[in-house]
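Results of the structural survey
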Amino acid sequence: MSTSASAHPSPTPIADGGTVTDRLVEANRRYAADFTDPGMDARPVLRVAVVACMDARLDLHAALGLELGDCHTIRNAGGVVTDDVIRSLTISQRALGTRSVVLVHHTGCGLESLTEDFRHELEQEVGQRPAWAVESFRDVDQDVRQSMQRVRTSPFLLHTDDIRGFVFDVKTGLLREILPAS
């Protein structure tokens, strides 16, 4: 296994000194100075869970007109419905009352350029094979359909009648609905 500096880079410095994490912690201090407890319950007001890609270009709440407390937001690389997403959706539905699931993928996703070779390269580099799949795809519409199907067929989810999938266009900001496989 490699222990070179490239395998464990130092924290990224920011222009005015410190690290990005230092900047985030300082931003939190400013946020907390004016923070008041909104008195909300952990149950989403709109009873919806949104599963989306972690892409930094997606301002999910703004794009969907959501406010704090409206939904559960579950994000990962690709917005793919993995076992962990099913775990989160199951908790969201069974313990916290959500009934609807909205899936949001997007154009120009980084997973479109990866393959499972990524896992093999990691195994070669670190000497251990990742337990997870990359879940790369070439057709974003088909991947949304596959994700909808995974949600619909999960035995753990109580509410599978309101599952809708979309592709967010990173150039226009518009959602395009994807119909499930027939």
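The following paragraphs examine the structure supplied in this document. Just so it is clear, the model here is predicted, and its values are computed rather than measured. Along each chain, the written sequence defines residue order, and numbers are assigned to residues from 1. Given that the model is predicted, a residue must reach a pLDDT of at least 70 before its local features are reported, and side-chain atom pairs must reach 80 or more before they are shown or counted; all residues, however, enter totals for whole chains, interfaces and linings. Values reported for side chains reflect all heavy atoms of the structure, with hydrogen atoms and water molecules removed beforehand.

Section: the side chain of Thr 98
The numbering of helices and of strands both runs from the N terminus, where a helix is a DSSP run of H or I of at least 4 residues and a strand a run of E of at least 2. Along the chain, Thr 98 turns up in the loop between helix H3 (83-96) and strand S3 (100-106). The class of Thr 98 is buried, set by a relative accessible area of 1%. At 2.7 Å, the side chain of Thr 98 forms a polar contact with the side chain of Ser 92. Within polar-contact distance, the side chain of Thr 98 engages the backbone nitrogen of Gln 93 at 3.4 Å. Ignoring anything within four residues of it in the chain, the contact list for Thr 98 reads Pro 44, Arg 47, Val 48, Ala 49, His 72, Ser 92, Gln 93 and His 159. Exposure classes here rest on a 1.4 Å probe applied to the protein chains alone. A residue is buried below 20% of its type maximum, exposed above 50%, and partly exposed in between. Any pair of N or O atoms that falls within 3.5 Å is considered a polar contact. Within protein, one atom must be able to donate a hydrogen and the other to accept it, and sequence-neighbouring residues count only if both atoms are side-chain atoms. Only heavy atoms matter for contacts: two residues are in contact if any of them lie within 4.5 Å across the pair.

Things to note about unusual backbone geometry
Phi is positive for Arg 47, close to 55 degrees, though the residue is something other than glycine. Note on placement: Arg 47 falls in the loop between helix H1 (20-33) and strand S1 (48-53). One non-glycine residue, Glu 135, lies in positive phi territory at about 65 degrees. For Glu 135, the position within the fold is in the loop between helix H4 (117-126) and helix H5 (140-152). Take Glu 135: its relative accessible area is 19%, and that puts it in the buried class.

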